[in-house]
Amino acid sequence: MLIVHSDATRDRRTLTELFAGQLVAPFECPERVDYIIERARTESIGEIRGPDEHGLEPVLAIHDADYIDFLRVAWRDWQAAGYEGEAIPNIWPTRRMPGGPIPRHIEGRLGYYALAGETSLNADTFEAALLSKDIALTAVDQVLDSGAPAFALCRPPGHHAARDQYGGYCFINNVAVSAQRALDRGHQRVAILDIDFHHGNGTQDIFYERSDVLTLSLHGDPMDEFPYFLGFANETGRGEGEGYNVNYPLPSGTDYARWAQALDDAIARVRDFAPDMLIIALGVDTFENDPISSFTLQSDDYLDIGARLKRIGLPTLFVMEGGYAVEEIGVNAINVLKGFDNA
Ligand code: OKS
Ligand code: ZN
């Protein structure tokens, strides 16, 4: 399978994540990609190529222009305010004060555009987000041109990013931008199946009122897990999109037997939809040793996941999302691709 990768993903290295009341070294770190690419080489998964620049047009087909402008200038404005740490939001337009204008001050704008507070911005963030979407777009173009599967080794991830919000380590929604690209290049229907431990809230929200993109997500029950405020089973789409969003919230401790039942149900829904292309939001934070998640999948289970996805029989794009058991992330992510290729 073709892998799209860039060493320049290493250039996003924030120093801080707000976690458990402390600033810690971010879980979403450059070494994640090192382990995956090293494993891809050892296992001879296939050609590894760099991304092509795709510009902003495919991004603006999904994200609001004012949001992208904010990402472009956020670090400059944060520094201009005299702040010395990395940029972290600390106030939000919550239930009791929604509806006002977008603030002028960077502190207010951070809260306006952030959906959560763990993710720091620094001088490298915007470029890193652009590189990540170019990796995804290069990979989706390959699938569209060849029909063969591809893996976009994106970093930072994307599935929490909404049309005008960042958070959960995500800035540009790589799977959403890729799905829209496929539609703009002539596809009628695309399915996005999110198997990351966390609910793909951004992806759901972006396509919630549309019937040309079926969104499905298997994830930790938002009653107990990030992003807490979206991802429930009764969220099935709205208007034209009614019936085109499917959530599988699963309890803490979910093992592979239970998880795979949900996967098989999701696969049946994908088949019924009969899309032209399948996009997998591939997180491996479902792994038993993941430091911030609570499912118990084991490394061999990822081979079986890949095999089940292959049997759907669709042109398939894999896009990297989460996974923080860094030393095992290479084995787990590459096992999905191996399982797919060998089925
Ligand atoms: C708050 C938890 C932050 C979790 C961010 C989730 C990142 C991820 N301490 N999304 O798929 O992996
Ligand atoms: Zn995740």
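- Looking at an unreviewed UniProt entry, one finds the protein named Histone deacetylase family protein and attributed to Halomonas sp. RT37.
- Database annotation for the protein, UniProt heading Cofactor (unreviewed entry): "Zn(2+)".
- On record in UniProt, under Sequence similarities (unreviewed entry), the comment for the protein is "Belongs to the histone deacetylase family."

### Some words on the nonpolar core
Logical step 1: If you look at the biggest cluster of nonpolar residues, it comprises 50 residues, and the most contacted ones within it are Phe70, Tyr166 and Ile279.
Logical step 2: With 11 residues, helix 5 (residues 125–146) is the single largest residue contributor to this core.
Logical step 3: Listed in part, the 49 residues of the second largest apolar core include Leu218, Leu282, Ala325 and Ala333.

### Observations concerning the coordination of the zinc ion (ligand 2)
Logical step 1: Looking at the zinc ion (ligand 2), the protein donor atoms are Asp196 (OD), Asp196 (OD), His198 (ND1) and Asp285 (OD), and they sit 2.0 to 2.8 Å from it.
Logical step 2: Between the donor residues of the zinc ion (ligand 2), the gaps in sequence give the motif D-x1-H-x86-D. Highlighted residues: His198 in the loop between strand 6 (190–194) and helix 7 (201–206) and Asp285 in the loop between strand 9 (277–282) and helix 9 (301–310), separated in sequence by 87 residues. Across this residue pair, the class does not change: His198 and Asp285 are buried.

### Some points on the packing of helix 9 against helix 10 (residues 326–342)
Logical step 1: Here helix 9 crosses helix 10 at 40 degrees, and the two axes come no closer than 6 Å. Of the possible angle classes, the one that applies to helix 9 and helix 10 is oblique. Between helix 9 and helix 10 lies a crossing of right-handed hand. Contact with helix 9, carried on its side by Tyr302, Leu303, Gly306, Ala307, Leu309 and Lys310, involves Asn332, Asn335, Val336, Lys338, Gly339, Phe340 and Asp341 of helix 10 and no other residues of that element.

### Quick word on the layout of surface pockets
Logical step 1: For the largest pocket, the calculated volume is near 1,000 Å³.
Logical step 2: For the largest pocket, the lining is made up of 40 residues, of which Leu115, Ala116, Phe226, Pro227 and Tyr228 are closest to its centre.
Logical step 3: For the lining of the largest pocket, the secondary-structure elements that each account for two or more residues are strand 2 (17–19) and helix 7.
Logical step 4: Within the lining of the largest pocket, the residues separate by chemical class into 19 nonpolar, 11 polar and 10 charged.
Logical step 5: Volume-wise, the second largest pocket comes out at about 200 Å³.
Logical step 6: Lining the second largest pocket are Ile91, Trp92, Pro93, Met97, Pro98, Gly99, Gly100, Pro101, Pro103, Gly108, Gly111 and Tyr112.
Logical step 7: Classifying every residue of the lining of the second largest pocket by side-chain character gives 8 nonpolar, 4 polar and no charged.

The rules we used
Residues numbered from 1 in each chain as written. Chains lettered and ligands numbered in written order. Predicted model: local features only at pLDDT ≥ 70, side-chain atom pairs only at ≥ 80, totals over all residues. Heavy atoms only, no water. UniProt positions renumbered as here; feature names shortened; annotations may be inferred. Core = buried A, V, L, I, M, F, W, Y, C linked by side-chain atoms within 4.5 Å. Buried < 20%, exposed > 50% of the residue type's maximum accessible area, 1.4 Å probe, protein only. Helix = DSSP H or I, 4+ residues; strand = E, 2+ residues; numbered from the N terminus. Donors = N, O, S within 2.8 Å, 3.2 Å for Na, K, Ca; no water. Axes fitted to C-alpha atoms, helices over the stretch in contact; angles between N-to-C directions. Parallel < 35°, antiparallel > 145°, perpendicular 65-115°, else oblique. Left-handed = near helix turned anticlockwise from the far one by under 90°. Contact = heavy atoms within 4.5 Å. 1 Å grid on protein atoms, 1.4 Å probe; cavity = no way out; pocket = protein on both sides within 12 Å on 5 of 7 lines; lining within 4 Å. Points joined across faces, edges and corners; volume = space filled by probe spheres on them. Nonpolar A, V, L, I, M, F, W, Y, C, P; charged D, E, K, R; others polar.

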